Amino acid sequence: ARAHPDNPRTYVRVSKTALGHPALNGVPSGEIRVISHLYKHRDLRREAIPLVYGRVAGVARMEPVAWVNTAQSRRVFYTSLGDVNDFKSPLFQRLLLNGVRWAMEKPAGKQK
């Protein structure tokens, strides 16, 4: 969803507990502003492993915006990010490439 100029800004940050996950290889760990709206996913299934959290400016509560799930022998990568301008972000590009490659059981892509 495209952010409207009057909407609060959204910031994302890698989960400290998931830092070693292959989908996060080369993804910056500091807080970064994104264009996407923040979708609320507070009740993830316990099998899901949050990779990246987001928050709205002025709000402390973090919401998962990217996660993986390997329940029932599957490899699922999900992200709620994806505004057209997010595709210009090195964080989003790296996260998306790594997440898809991880789901396909391929090594992480080369960093630029």
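Here, the structure is the one placed above.
Here goes a summary of the coordinates provided. (Residues numbered from 1 in each chain as written. Predicted model: local features only at pLDDT ≥ 70, side-chain atom pairs only at ≥ 80, totals over all residues. Heavy atoms only, no water.)

### A short note on the overall build of the chain
Move 1: Within the chain one finds one helix and five strands.
Move 2: Starting at the N terminus, the α and β elements of the chain follow one another as β-β-β-β-β-α.
Move 3: Going through the 112 residues of the chain one by one, you find that 38% of them count as buried.
Move 4: Of the contacts formed within the chain by residues at least 6 apart in sequence, a portion of 53% connects residues at least 24 apart.
Move 5: When the accessible surface of the chain is totalled, it reaches about 7,000 Å², and 51% of it is carbon and sulfur. (Helix = DSSP H or I, 4+ residues; strand = E, 2+ residues; numbered from the N terminus. Buried < 20%, exposed > 50% of the residue type's maximum accessible area, 1.4 Å probe, protein only. Contact = heavy atoms within 4.5 Å. Areas by Shrake-Rupley, 256 points an atom, 1.4 Å probe, with all protein chains shown as cover.)

### Some points on the side chain of R55
Move 1: As for its placement among the helices and strands, R55 is situated in strand β3 (residues 48-56).
Move 2: In this structure the side chain of R55 is engaged in a polar contact, spanning 2.8 Å, whose partner is the side chain of E31.
Move 3: The residues touching R55, leaving out its near neighbours within four places in the chain, are R9, T10, Y11, E31, L38, R61 and M62. (Polar contact = N/O pair within 3.5 Å; in protein donor to acceptor, adjacent residues only side chain to side chain.)

### A few points about the pattern of salt bridges
Working definition: two side chains of opposite charge can pair if their charged atoms are close together.
Move 1: If you walk through the whole model with that rule in mind, you get three salt bridges.
Move 2: The closest approach of N and O atoms between R55 and E31, which form a salt bridge, is 2.8 Å. Taken together, the residues span a long stretch of sequence, with R55 in strand β3 and E31 in the loop between β1 (10-14) and β2 (32-34) at a distance of 24 residues.
Move 3: Taking the relative accessible area as the measure of exposure, E31 reaches 32% and is therefore partly exposed.
Move 4: One salt bridge in this structure joins R61 and E63, with 3.4 Å as the shortest N-O distance.
Move 5: Classification of R61 by relative accessible area gives partly exposed; the value is 45%. (Salt bridge = Lys/Arg side-chain N within 4 Å of Asp/Glu carboxyl O.)

### Some points on the pairing of β1
Move 1: For β1, a buried count of four out of five residues is recorded, marking the element as mostly surrounded by other parts of the structure.
Move 2: Pairing between β1 and β2: three bridges, direction antiparallel. Residue V12 lies in a different strand from β2, and its bridge partner there is I32.
Move 3: One ladder, built from five bridges, connects β1 with β3; its direction is antiparallel. (Pairing = 2+ DSSP bridges.)

### Let's talk about the sheet that holds β3
Move 1: Read from one edge of the open sheet, five strands run β2-β1-β3-β4-β5, paired in antiparallel fashion. The two strands at the open ends of the sheet, each matched to only one other strand, are β2 and β5 (76-79). Here the average twist between neighbouring strands, direction ignored, is 30°.
Move 2: Helix α1 (residues 90-103) contacts β1, β2, β3, β4 (63-69) and β5 of the sheet and is inclined by roughly 160° relative to β5. (Axes fitted to C-alpha atoms, helices over the stretch in contact; angles between N-to-C directions.)

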